[in-house]
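Examination of the molecular architecture
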Amino acid sequence: MANVVVIGAQWGDEGKGKITDLLSRSADVVVRYQGGVNAGHTVVVQGQTFKLHLIPSGILYPDTECIIGSGTVIDPAVLITELDQLQALGISTQKLLISETAHVTMPYHRLIDQASEERRGNHKIGTTGRGIGPTYADKSERIGIRVLDLMNPESLRKQLNWTINYKNVIIEKLYNLPPLDPAVVIDQYLEYAERLRPHVVDCSLKIYDAIQERRNILFEGAQGTLLDLDHGTYPYVTSSNPVAGGACVGAGVGPTMIDRVIGVAKAYTTRVGEGPFPTELHGELGDILCDRGAEFGTTTGRRRRCGWFDAVIGRYAVRINGIDCLAITKLDVLDTLEEIKVCVAYEIDGKRCENFPSSSRRFSRCQPIYQTMPGWQQSTEDCRALEDLPKQALDYLKFLAELMEVPIALVSLGASRDQTIIVEDPIHGPKRALLYANGSPVSSGV
Ligand SMILES: Nc1nc2c(ncn2[C@@H]2O[C@H](COP(=O)(O)OP(=O)(O)OP(=O)(O)O)[C@@H](O)[C@H]2O)c(=O)[nH]1
Ligand SMILES: O=P(O)(O)OC[C@H]1O[C@@H](n2cnc3c(O)ncnc32)[C@H](O)[C@@H]1O
Ligand SMILES: N[C@@H](CC(=O)O)C(=O)O
Ligand SMILES: [Mg+2]
């Protein structure tokens, strides 16, 4: 038995959906522990594409229990649409469970998210506009609506009447927008409640029971380390904790229950929304990565900013998450390039800097120091073992493992489940016995 956390080692969209789906074949339970419908996890199986915002990426396996944990924020309308879409495709959603202590995104959260972004003008964060920040803000302010409130019509009516009147002052006076009608919102949410009721459980108890039964649990992170509220590029972050530690709080499990942490990183870097990004490429090369990688937001359709792999943030992600091994995704996107750069350190104010600076102002002054590697200029899409890779591609992977000081367990070469090199099964394999940090892959003997 192993309880494994899958996290994003960059700014999100690293391909956690694909990796979680792949690993879910060995999991009995898959848990989302933070974030909401800002996330967009893409899973491609036999040519069919599934875009999941809230439902864990293990849902395509009929026997796997999928839990939307306590640390998530739930927009019921989006969740119900997602349930309908999966059911229409013949995917069973019977094993989906929703934590009764997760917070609920309301229409005023979406309105305030969008209006406050507009008001910030040049200082906007570039949020997804899905009401995520305001939902978490209400949770901290202790005026949030939880799933268990949604399930109790009488208390929901009382709570929402008070909260909507309170929010209407902000909506009307601060943002000059028309107020919400409490009765309309209450009726709509009572309807959602009936649809979701059969799925609602005490999530931490479910997970505890699964641990006692020695079942394998996969914790699926959304967004990424550099978007973490505490450890990311604040204020250009999301409002939850995508880091591995967030899994314990968000799912309600103790840290001693976690066996290992898999960090997912793209072979290059992307970021969507505002905020500093030292290795960003603005010209033709950025366009090539964007086009070949189809780098458009799964949720909003926004173009993702693209740049070279940044080993400084990679090492930071290893430190903050306690990453045991890596899944490197989208290596195929680099297939056509003549040469590839990797940021090995920064220069700030004329001084070399090996560590990620906590201040976003300082981070925005970082100039990348690059090491250039030769490209391989051939397709890697059909490679299924490290031995199939061109020498330059293997050297590139070894270099990343060396820089990050952790072994690589998985290499992804396409969006499909099967387009993957499994260097060593990161769930059942021995801890750290994968592609060694010095670059030599254990299983191939290279
Ligand atoms: N070409 C290529 N595409 C891939 C590979 N792995 C994943 N993808 C695609 O790359 C994109 C990854 O983005 P997302 O699905 O948003 O990633 P995510 O980490 O699950 O998302 P967030 O939780 O929103 O951060 C998807 O379109 C995937 O289908 C790969 O190895 N090669
Ligand atoms: O989480 P919100 O407040 O909507 O946005 C804040 C910040 O985070 C970025 N972001 C949010 N969700 C994702 C995601 O799933 N992948 C990548 N980036 C995400 C958003 O673009 C803002 O920059
Ligand atoms: N989750 C998102 C963010 C967005 O859609 O803007 C993505 O996949 O890029
Ligand atoms: Mg995404």
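Residues numbered from 1 in each chain as written. Chains lettered and ligands numbered in written order. Predicted model: local features only at pLDDT ≥ 70, side-chain atom pairs only at ≥ 80, totals over all residues. Heavy atoms only, no water.

This paragraph deals with the coordination of the magnesium ion (ligand 4). Six octahedral donors around a metal ideally subtend angles of 90 or 180 degrees, whereas four tetrahedral donors ideally subtend 109.5 degrees. Within the protein, D13 (OD) and G40 (O) serve as the donor atoms for the magnesium ion (ligand 4), at 2.0 to 2.4 Å. One way to put it: the six donor atoms around the magnesium ion (ligand 4) meet at angles of 63 to 171°, and that makes the site irregular. Of this pair, D13 sits in the loop between strand 1 (3-8) and helix 1 (16-23) while G40 sits in the loop between strand 2 (29-32) and strand 3 (41-45), placing them 27 residues apart in sequence. On the basis of relative accessibility, which here comes to 22%, the residue D13 falls in the partly exposed class. Residue classification places G40 among the buried positions, given a relative accessible area of 14%. (Donors = N, O, S within 2.8 Å, 3.2 Å for Na, K, Ca; no water. Tetrahedral: all angles 85-135°; square planar, octahedral: opposite > 155°, others 65-115°. Helix = DSSP H or I, 4+ residues; strand = E, 2+ residues; numbered from the N terminus. Buried < 20%, exposed > 50% of the residue type's maximum accessible area, 1.4 Å probe, protein only.)

Looking now at the packing of aromatic side chains. Summed over the entire model, instances satisfying the criterion amount to eight aromatic pairs. Plain terms: the ring middles of W11 and F277 are 5.3 Å apart, the flat faces sit at 50° to each other, and that makes the pair tilted. Here W11 is found in the loop between strand 1 and helix 1, whereas its partner F277 is found in the loop between strand 12 (269-271) and helix 10 (284-293), with 266 residues between them in sequence. Across the pair, F277 and W11 agree in class, each one buried. For the pair W376 and Y396, a centre-to-centre distance of 5.9 Å together with 50° between the ring planes defines the contact as tilted. Here Y396 lies in helix 13 (residues 391-404) and W376 lies in the loop between strand 18 (367-374) and helix 13, a separation of 20 residues in the sequence. Take Y396: its relative accessible area is 0%, and that puts it in the buried class. Put simply, the rings of W11, F277, Y316, Y346, F356 and F363 pair up and form one aromatic cluster. (Phe/Tyr/Trp six-rings, centres within 6.5 Å; stacked < 30°, edge-to-face > 60°.)

Contact pair helix 6 (residues 153-174) / helix 7 (residues 182-196): the axes reach a minimum separation of 10 Å and the direction vectors enclose 140°. Taken together, the axes of helix 6 and helix 7 are oblique relative to one another. The interaxial crossing formed by helix 6 with helix 7 has right-handed handedness. Along its contact with helix 6, which presents P153, L156, R157, L160, N161, I164 and N165, the element helix 7 presents P182, V185, I186, D187, Y189 and L190. Across the contact of helix 6 with helix 7, the residue classes break down as nine nonpolar, two polar and two charged. (Axes fitted to C-alpha atoms, helices over the stretch in contact; angles between N-to-C directions. Parallel < 35°, antiparallel > 145°, perpendicular 65-115°, else oblique. Left-handed = near helix turned anticlockwise from the far one by under 90°. Contact = heavy atoms within 4.5 Å. Nonpolar A, V, L, I, M, F, W, Y, C, P; charged D, E, K, R; others polar.)

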